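Notes for the structure review
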Amino acid sequence: MSTAALDLPLASPFPPYRSLSDDLLQERIEAVRQRLGPRLVILGHHYQQDGVIAHADLTGDSYQLSRSAAEREGCEAIVFCGVHFMAETADILANRPEQVAARGRRVTVVLPDMAAGCSMADMAGIDQVEDAWEDLGTVIDTADITPVTYINSAASLKAFCGRHGGIVCTSSNARAVLDWAFAQRRRVLFFPDQHLGRNTARAMGIPLAEMALWNPHDPTLGGNARAQLEQARVILWQGHCSVHAMFRPEHVDAIREHIPGVKILVHPECSMEVVDKADLVGSTSYILRQVEQAPPGTKWAIGTELHLVKRLEQNHPEQTVRFLSPTVCMCATMYRIDLAHLCWSLEHLERGKPVNVIRVDDETAKWAVTALERMLAVR
Ligand code: SF4
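Residues numbered from 1 in each chain as written. Predicted model: local features only at pLDDT ≥ 70, side-chain atom pairs only at ≥ 80, totals over all residues.

**Side note on the sheet that holds strand β12 (residues 299-303)**
- As summarised here, the arrangement of the four strands in space is β11-β10-β12-β13, forming an open sheet in which the pairing is parallel. Both outer strands of the open sheet, β11 (280-281) and β13 (320-323), are each paired with one neighbouring strand and no more.
- Direction of pairing for strand β10 (residues 263-266) relative to β11: parallel, over a ladder of two bridges. For valine 266, the partnering residue across the bridge sits in β11 and is valine 281. (Pairing = 2+ DSSP bridges. Helix = DSSP H or I, 4+ residues; strand = E, 2+ residues; numbered from the N terminus.)

This is the structure:
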């Protein structure tokens, strides 16, 4: 990145940025955006706080964002205001070998705060998944299992799926992906989110008796009897999103009593008990669509991340939008990305000294793309 126009002091290491006012940080962020123009793309995930979203070129869910940024003409750097796995996906999609060869350089992908991880993604480490695969092989034939990873997972897990004939899914296409997976093989190993896996499989008519739950911390076949695994069509990884796990069935009962006629709209990362009590269940895009298309006067209680629900409430004053839980459920790791981190990472990027660069190694990226491309081919 050219740095000629920058004459502001570049504080390093990070702490001095903390002492800057929000107004000054915003000014400096916008100044970098202006100077870099289309060479820079800032991505803001739907769950991101408003102050950061205000500086995003694109907002959306993780996969939409990565794809759109990868397709942007002239983009040299992506700053992903999301969490770690999202920045990995952006690096994988923006830096496929043919794209790098065509443009003669890599796109630099930056995560403003490296501590912005995902508790769900962290619940499935590649070593744990490799061990589980080996252990499963002592009971059932792994050639009979399609591994399916939710996009909310590390690049190494996506690569595992790529190598083993598996696939990636999002919360929008989980059903179609599971249909594809069962067309390949008789069983599915679904990770890292047990709830998305269970809710989707149940909606397909697969009974709970044909699902097993794999606890990666239980050395005895993930806590399963051999017979249980033998009869399982879906083996669910015991992971969850700590945000969506906060919604409880009693919250649904309470809000129905409090707001007569309210529609309960939840994300499929919520537990089966919550999903069973909801009126509508779907991905973030689905949730947005439902509210956008509803007539004035519609009353909603929404079970997903707080910042998204608050934004819907602000943008739709003609409807009643409420948060489903009485407690604060926000993505605390994504919230780590604030104006100070954004400004710090942008100014270093402009100076040609990028910080927090996310770079997936070529071998992992190759197999992760294989699993992502299988997903893209699913209709
Ligand atoms: S909301 Fe949940 S799944 Fe999404 S990034 Fe945060 S912890 Fe991960």
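We are not done yet, so read on.
**Remarks on the pairing of strand β8 (residues 211-214)**
- Here β8 runs beside strand β9 (residues 234-237); their pairing, made up of four bridges, is parallel. Residue pairing for β9: alanine 212 is matched across the bridge by isoleucine 235.
- Note on the crossover from β8 through helix α11 (residues 226-231) to β9: the handedness is right-handed. (Right-handed = clockwise from strand over helix to strand, strands pointing away.)

**Focus: the site of the ligand**
- In the vicinity of the ligand, 13 residues are found, and the nearest of them are Cys118, Met120, Cys241, Val243 and Cys331.
- Here the residues of the shell around the ligand sort into eight nonpolar, four polar and one charged. (Near = placed C-beta within 6 Å. Nonpolar A, V, L, I, M, F, W, Y, C, P; charged D, E, K, R; others polar.)

**Some thoughts on the sheet that holds strand β1 (residues 40-45)**
- Strand order in the open sheet formed by four strands is β2-β1-β3-β4, with parallel pairing between adjacent strands. Edge strands, defined here as strands with exactly one partner in the open sheet, are β2 (58-60) and β4 (108-110). Taken pair by pair, the neighbouring strands of this sheet meet at an average axis angle of 20 degrees, ignoring direction.
- Note: β1 against β2, three bridges, orientation parallel. (Axes fitted to C-alpha atoms, helices over the stretch in contact; angles between N-to-C directions.)

**Thoughts on the confidence of the model for the protein chain**
- When pLDDT is averaged along the protein chain, the result is 94; 96% of the residues meet or exceed 70.
- Here residues 2-13 is modelled with pLDDT under 50, and outside its nearest four sequence neighbours on either side it reaches eleven contacts, counting other chains as well. (pLDDT = per-residue confidence, 0-100. Contact = placed C-beta atoms within 7 Å.)

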